[in-house]
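Spelled out, the chains give:
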Amino acid sequence: MAFENVALLGTGLMGFPMARNLARAGVPVTVWNRTRSKAEPLADEGAAVAASTNAAVTGADVVISMMSDGPTVLSVIAEVSPSLSRGALWIDMSSTKPAEARDARALLSKVGVGFLDAPVSGGTKGAEAASLAIMVGGEAADFNRARPIFEEMGRPVHVGPTGSGQLSKLCNQAIVAVTIGAVAEAMLLAEEGGADPAALRAALKGGFADSTILQQHGERMTTGNFEPGGLSKFQLKDLDNVLVEALAAGVTLPMVQDVRDRFAHFVDHMDGADRDHSGLYLELKARQGDRA
């Protein structure tokens, strides 16, 4: 299969393995990262490393952005718009607000560029294994055009018009955060009650309580491995965005509000911003100390 030329902007924890998988699949890919040294190892995989965002997108048929937040994505779009090819397709795989996805589409339509919002779930392990869940909002024709590229990174599903991908990711993040909170409580109860947490996870495997979060993050919690993974500060950002959307829809989400407040305490008062989001377990343990 002949792939279109791709520019991937942002080679952090997620973007790097995503770009590597594209390059290994034979996709002509040019990469850019604000800290160039983080992108340079991709040259060994066959990727071109650009010195600037404008250089990266020049001549690209498809641009993929994988950045920290919506304002950053919108800023980069505004910066590189003069260098984009008319008829190109921009795919934002960052986690942003649905309204920011619609703003991005509006900016790009002015220069004749299509847009898909396509956030992902699966963490760094999913990015490395090319098994990401990819939730895609936008035009069906653009989705079909991008499908061969998506399939080198994971499993894409078209979920609706522009903004629907980001809304789906927020629903995903609500489930992830609440489940992390529940797993933290179960692991702490097992540990303090005298059961072996590893044996508990094995016992629950395949049952209704089983999940990737139980197996992966439950192990992190009880072995003390809180290297990211998914950063807690980004989990907090996503939960704030969930609550913004809920307010707009007139929906009350009490479990999300509670776990959001716990993440805020972990990030703001326990030096948890750059720890894995499974570190919410540490916030729970600290609560026990407060009651002692």
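Only a predicted model underlies this, so the values are computations on that prediction, with no experimental measurement involved.

Asker: Explain the packing of helix 3 (residues 70-80) against helix 4 (residues 98-109) to me, please; I cannot follow it from the model alone.
Answerer: Two quantities define a packed helix pair, namely the angle between the axes and the distance from one axis to the other. It is the contact of helix 3 with helix 4, at a shortest axis distance of 10 Å, that shows an interaxial angle of 0°. By the angle between their axes, helix 3 is roughly parallel relative to helix 4. Contacts between helix 3 and helix 4 involve Gly-70, Pro-71, Leu-74 and Ile-77 from the first element and Glu-100, Asp-103, Ala-104, Leu-107 and Leu-108 from the second. Class assignment for the residues of the contact of helix 3 with helix 4 results in six nonpolar, one polar and two charged.

Asker: Whenever I open this one, the pairing of strand 1 (residues 6-9) confuses me. Can you help?
Answerer: Regular strands place side chains that alternate from one sheet face to the opposite one. In strand 1, alternate side chains face the same way, and those of Val-6 and Leu-8 on one face and Ala-7 and Leu-9 on the other are all buried. Examined bridge by bridge, strand 1 and strand 2 (residues 29-32) share four bridges and lie parallel to one another. Among the inter-strand pairings, Leu-8 is bridged to a residue of strand 2, identified as Val-31. Each parallel crossover has a hand, and for strand 1 linked through helix 1 (residues 15-24) to strand 2 it is right-handed. In this sheet, strand 4 (residues 62-65) lies alongside strand 1 in parallel orientation, the contact comprising four bridges.

Asker: Would you explain the pairing of strand 6 (residues 114-117) in this entry?
Answerer: Burial along strand 6 is two-sided: Gly-114 and Leu-116 and Phe-115 and Asp-117, pointing in opposite directions, are all buried. In terms of strand pairing, strand 5 (residues 89-92) meets strand 6 through four bridges, oriented parallel. For Ile-91, the partnering residue across the bridge sits in strand 6 and is Leu-116. For the segment spanning strand 5, helix 4 and strand 6, crossover handedness is right-handed. With two bridges joining them, strand 6 and strand 8 (residues 132-138) adopt antiparallel strand pairing. Its bridge partner lying in strand 8, Asp-117 is registered against Gly-137.

Rules used throughout
Residues numbered from 1 in each chain as written. Predicted model: local features only at pLDDT ≥ 70, side-chain atom pairs only at ≥ 80, totals over all residues. Heavy atoms only, no water. Axes fitted to C-alpha atoms, helices over the stretch in contact; angles between N-to-C directions. Helix = DSSP H or I, 4+ residues; strand = E, 2+ residues; numbered from the N terminus. Parallel < 35°, antiparallel > 145°, perpendicular 65-115°, else oblique. Contact = heavy atoms within 4.5 Å. Nonpolar A, V, L, I, M, F, W, Y, C, P; charged D, E, K, R; others polar. Buried < 20%, exposed > 50% of the residue type's maximum accessible area, 1.4 Å probe, protein only. Pairing = 2+ DSSP bridges. Right-handed = clockwise from strand over helix to strand, strands pointing away.

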